[in-house]
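# A look at the structure
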Amino acid sequence: MKHTKINEKFSENFKNIPKSFIREILNIAGSEKMISFAGGLPNPDFFPVEALKKSALEAFDTNGVEMLQYAGTRGYLPLRQWIADRYNKKYRLSVKAKNIIITNGSQQAIDVLSKMFVNPGDGVLVEKPTYLGGIQALSAYSPRFYETKLEKDGPDIIETGRVFDQNDVKLMYAIPNFQNPSGITYSEEKRKQIAALLEYHNVLMLEDDPYNEICFDENCEMPVYAYAPKHVFWTGSFSKMIAPGLRMGWVVIPDGYAEYFERAKQSVDLHSNNLSQYVVYQYLTNNYIDRHLIIIRKAYARQCTFMQQLIEKYLPHDVQFTKPRGGMFLWLKLPDRIDACKLVERTLKQNVVFVPGVSFYVSPNGKSNVRMNFSNASEKKMEEGIRIIASELKEMLQRVNGVSH
Ligand SMILES: Cc1ncc(COP(=O)(O)O)c(C=O)c1O
């Protein structure tokens, strides 16, 4: 019998998917001892367990048979209508349920859209840095990546325009709200400028927006979708606002594309988890969600501020960090001579983990950057973890400089 190595059989597309530091680390980060600033995990203390349990029982009582059956690919219509109504109220849009498809997490929407649009070698523009799961999903279709630098208020517009001018870019993938990993939010001005560029160059956009409801203030900018509805696929998620284990997300789809998205999704999983859809809908119509959101927004805002205070207190003064208006992440810039991968190797030995910046680029960048999740750890663990990071960092700095900070 002819023996081959396992990986000789893998497709080129599969081989292009980079490993996820985060998901590998999540396998060990679940251990009791580990203080994790790594995943984008909501704080489990706030999971609405009782309300979801009650909603599940009610959903079984009223729709038990339907929710256990195969269902249509687009998803449960009342749930899609609920999402449309919420957007229309919040942003005064006129999104229709027929333009919304429910997905198994917004991660799936990124995969299905990549499947629909990306041929090997097609140009895809991403932020610099961007979400690792987005890079993974897109990479499976072997695009040619271009990057645009992120400034404090969104992408560098001149650079973005230049990339569109000089290259054949089909799709832009971006996270305008409380960006993962940087925590940056695009200004209204930049949203409009991006929309104008999309229209002018006829580029499609995947506006990834899972943190939309995790905002610490009332100033919500309009989505880019509002300014270029024919070019933007706008994804959302219940993962951060309720619980990621539900695996429930959605995508708002420009007119004319829904039937094609439906076909692409059919090839993946026929339809999204029907049971989850009914339970989530019951939970939403029981009016639990707004009370829940008030609680988690307040808690995460407090945790975010607390982490910033700890960084100021314990880390060297030349460590810079972003001040997000929502979401779950701070983005740190350590002194240039520090390799964040080496730092995490050291902190891991003391059961503290974060994600080094290199994971969030499609080019070799981010060596001295760090992404810190502030939503998951308790304040006590947060302080303990940051003290450990600070002490390892100071030791590394002493070694590289011979100077103590
Ligand atoms: C920017 C971004 N997009 C998509 C996702 C995937 O979320 P979901 O749980 O909805 O699949 C995440 C999860 O962390 C994320 O940070």
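No experiment lies behind these values; they were computed from the predicted model shown.

So, how was this worked out
Residues numbered from 1 in each chain as written. Predicted model: local features only at pLDDT ≥ 70, side-chain atom pairs only at ≥ 80, totals over all residues. Helix = DSSP H or I, 4+ residues; strand = E, 2+ residues; numbered from the N terminus. Contact = placed C-beta atoms within 7 Å. Buried ≥ 20, exposed ≤ 12 C-beta atoms within 10 Å, placed from the backbone. Domains from an automatic or database assignment.

## Side note on the environment of asparagine 369
With respect to the helices and strands, the residue asparagine 369 is situated in strand S14 (residues 369–373). Sequence separation between asparagine 369 and proline 356 is 13 residues, and the spatial gap between their C-alpha atoms is 6.2 Å. Those residues within four positions of asparagine 369 in sequence are excluded, and the remaining contacts are Trp331, Leu332, Lys333, Ala340 and Gly357.

## Observations regarding unusual backbone geometry
In most cases, non-glycine residues show a negative phi, while peptide bonds are predominantly trans. A cis geometry characterises the amide bond from lysine 128 onward to proline 129, with omega recorded as 10°. Locating proline 129 in the fold gives a position in the loop between strand S3 (123–128) and helix H6 (132–139). The omega torsion of the bond from asparagine 180 to proline 181 falls at 20°, within 30 degrees of zero and hence cis. For proline 181, the position within the fold is in the loop between strand S6 (169–174) and helix H8 (188–201). Although it is not a glycine, asparagine 202 sits at a positive phi angle of roughly 50°. Among the structural elements, asparagine 202 can be located in the loop between H8 and strand S7 (204–208). What makes asparagine 202 exposed here is the crowd of 11 C-beta atoms within 10 Å. Its identity as a non-glycine residue notwithstanding, asparagine 351 has a phi of 65°, on the positive side.

## What to know about the domain arrangement of the protein
Under the domain assignment, the protein is made up of domain 1 (6–47 + 290–398) and domain 2 (69–285). Measuring from the centre of the C-alpha atoms in domain 1 to the corresponding centre in domain 2 gives 24 Å. With 33 residues of domain 1 in contact, the opposing surface of domain 2 contributes 31 residues. At the level of elements, helix H1 (12–15), helix H12 (289–314) and strand S11 (329–333) are the ones that each hand at least two residues to the side of domain 1 that touches domain 2. Per element, the largest residue contribution to the side of domain 1 that touches domain 2 is four residues, and it comes from H12.

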